[in-house]
Amino acid sequence: MSDSTFGFLLMVPALLVLLVVIAFPILKGIYASFYHYNLLDMNNITWNNFANYKIMLQNNQIFSYFKNTFVFVALVVVIQLILGMGIALLLDSKIKARGTLRGLMLVPWTIPSVVTAIVWRFMTNSSYGVINWIAYKLGMIPTLDYSWTLQSGSAMALIVIAAVWRQLPYMMVMILAGLQSVDKSLLEAGTIDGANYWQSLLHITIPSIRPVLITSIWIALMANFQMYTIIANITNGGPVGATTTLSIAAYNAAFQSYNFGYGAAIGVVWLIVLFIITMFSNKLTDKYSEDLG
């Protein structure tokens, strides 16, 4: 037996697991999206070509789902990138109790998403929420009896804040790891040449950790495009669908309306968008890896 054949045989178990766990569900979802597949009409499961996709486009709801998804993802990723970079730079400096602060910053990451959603919904409760009391005292809301989930803007703001709070530690850890790998001799050379802190940051530090930043942003994009738990447990789509993202729409179609065909069609469109983002991210990573090499 050749080495290549033996190596392939060693890979077979892993390939079978990937086939069963990843490939088969994706292909099944694509297949179901071309069917009239409703739990309330199981005796009439029929091939309907692109009918599910046509319905999706005709009622224009898919554009609303995309808009909500892109707004949510963009806000969460940008905010956690800025805060993550700032905190990582702080923790990479020589401050007191740096180890303790690093440990405390990781706490939100250890809390399950469903618990995060419940905690934030409790803190913004219109009757006894501590966030309402603070916001009222600061003049941010007109009354203590303010329901965040009944207003379009505040509902989106609430799920963004909760998602950022939950995911920020991961972004911070990734960037901090990148910062600690920056060649200190480059920073010293920049200082000798007269570069100040911000010039060193923009022209030495950030270019050095660019692959880490791209990977971190890509992971954050994927996580938030798939975000369901926090949104469902805080607003469940929000007032008049203001926070109905692709994940919420697909779940509602499949498991509340029992229309698996339509839910699968939403999932396929969602999959295509994620695939495009992944390809773009991979090209950027390869480009900057070659530049650094």
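Notes on the structure in this doc start here.

The rules behind each value
- Residues numbered from 1 in each chain as written.
- Predicted model: local features only at pLDDT ≥ 70, side-chain atom pairs only at ≥ 80, totals over all residues.
- Heavy atoms only, no water.
- Helix = DSSP H or I, 4+ residues; strand = E, 2+ residues; numbered from the N terminus.
- Buried < 20%, exposed > 50% of the residue type's maximum accessible area, 1.4 Å probe, protein only.
- Contact = heavy atoms within 4.5 Å.
- Areas by Shrake-Rupley, 256 points an atom, 1.4 Å probe, with all protein chains shown as cover.
- Lys, Arg positive; Asp, Glu negative; His and termini not counted.
- Charge placed at Lys NZ, Arg CZ, Asp CG, Glu CD.
- Phe/Tyr/Trp six-rings, centres within 6.5 Å; stacked < 30°, edge-to-face > 60°.
- Core = buried A, V, L, I, M, F, W, Y, C linked by side-chain atoms within 4.5 Å.
- Axes fitted to C-alpha atoms, helices over the stretch in contact; angles between N-to-C directions.
- Parallel < 35°, antiparallel > 145°, perpendicular 65-115°, else oblique.
- Left-handed = near helix turned anticlockwise from the far one by under 90°.
- Polar contact = N/O pair within 3.5 Å; in protein donor to acceptor, adjacent residues only side chain to side chain.

1. So, the overall build of the chain
Scanning the chain from N- to C-terminus turns up 14 helices and two strands. Expressed as a percentage of the 293 residues in the chain, the buried residues total 36%. Within the chain, contacts between residues separated by at least 24 positions form 67% of all contacts whose residues are at least 6 apart in sequence. Accessible surface, the chain: about 16900 Å² in total, of which carbon and sulfur atoms supply 68%. The averaged location of the 10 negative side-chain charges in the chain is 12 Å from the averaged location of its 14 positive side-chain charges.

2. Some words on the packing of aromatic side chains
Inspection of the entire model under this criterion finds 17 aromatic pairs. For the ring pair Tyr-31 and Tyr-35, a centre distance of 4.9 Å and an interplane angle of 50° mean the geometry is tilted. By relative accessible area, Tyr-31 is classed as partly exposed at 44%. A ring pair is formed by Phe-34 and Trp-47, whose centres lie 5.6 Å apart and whose planes are at 15°; its orientation type is stacked. Of this pair, Phe-34 sits in the loop between helix H1 (3–32) and strand S1 (35–36) while Trp-47 sits in strand S2 (residues 46–47), and the two are 13 residues apart along the sequence. Here the aromatic residues Tyr-31, Phe-34, Tyr-35, Trp-47, Phe-50 and Tyr-53 are joined through ring pairs into a cluster of three or more.

3. Concerning the nonpolar core
By size, the foremost hydrophobic cluster in this structure holds 58 residues, and its most contacted members are Met-56, Phe-72, Ile-175, Ile-234 and Ile-266. Mapped by element, the contributors of at least two residues to this core are helix H2 (51–58), helix H3 (61–92), helix H6 (113–123), helix H8 (152–180), helix H11 (210–225), helix H12 (229–234), helix H13 (246–256) and helix H14 (260–292). Among the elements that line this core, the one with the most residues is H8, at 13 residues.

4. Here's the deal with the environment of Thr-229
Within the secondary structure layout, Thr-229 lies in helix H12. Accessibility expressed as a relative area gives 28% for Thr-229, which makes it partly exposed. Between the C-alpha atoms of Thr-229 and Thr-244, which are 15 residues apart in sequence, the distance is 12 Å. If near-sequence neighbours (up to four positions away) are discounted, Thr-229 is found in contact with Ser-113, Val-114 and Ala-117.

5. Observations regarding the side chain of Asn-48
Tracing the backbone through its elements, the reader meets Asn-48 in the loop between S2 and H2. In this view, Asn-48 contacts Ser-33, Phe-34, Tyr-35 and His-36; residues no more than four positions away in its chain are not counted.

6. Describing unusual backbone geometry
One non-glycine residue with positive phi stands out, namely Asn-49, at about 55°. Tracing the chain through its elements places Asn-49 in the loop between S2 and H2. Residue Tyr-258 is not a glycine yet carries a positive backbone phi of 60°. Here Tyr-258 lies in the loop between H13 and H14.

7. Quick notes on the packing of H3 against H11
Any two packed helices are characterised by how steeply their axes cross, that is the angle between the axes, and by the distance between the axes. In contact at an axis separation of 9 Å, H3 and H11 are set at 140° when each is read in the N-to-C sense. By the angle between their directions, the pair H3 and H11 is classed as oblique. Regarding H3 and H11, the two cross each other, and that crossing is right-handed. Here Thr-69, Phe-70, Phe-72, Val-73, Val-76, Val-77, Gln-80, Leu-81 and Met-85 of H3 lie close against H11, whose contacting residues are Leu-213, Ile-217, Ala-220, Leu-221, Asn-224 and Phe-225.

8. Some thoughts on the side chain of Thr-278
Within the element layout of this structure, Thr-278 appears in helix H14. Assessed through its relative accessible area of 17%, Thr-278 is described here as buried. One polar contact links the side chain of Thr-278 to the main-chain carbonyl oxygen of Leu-274, over a distance of 2.8 Å. Those residues in contact with Thr-278 that lie beyond four places of it in its chain are Trp-218 and Met-222.

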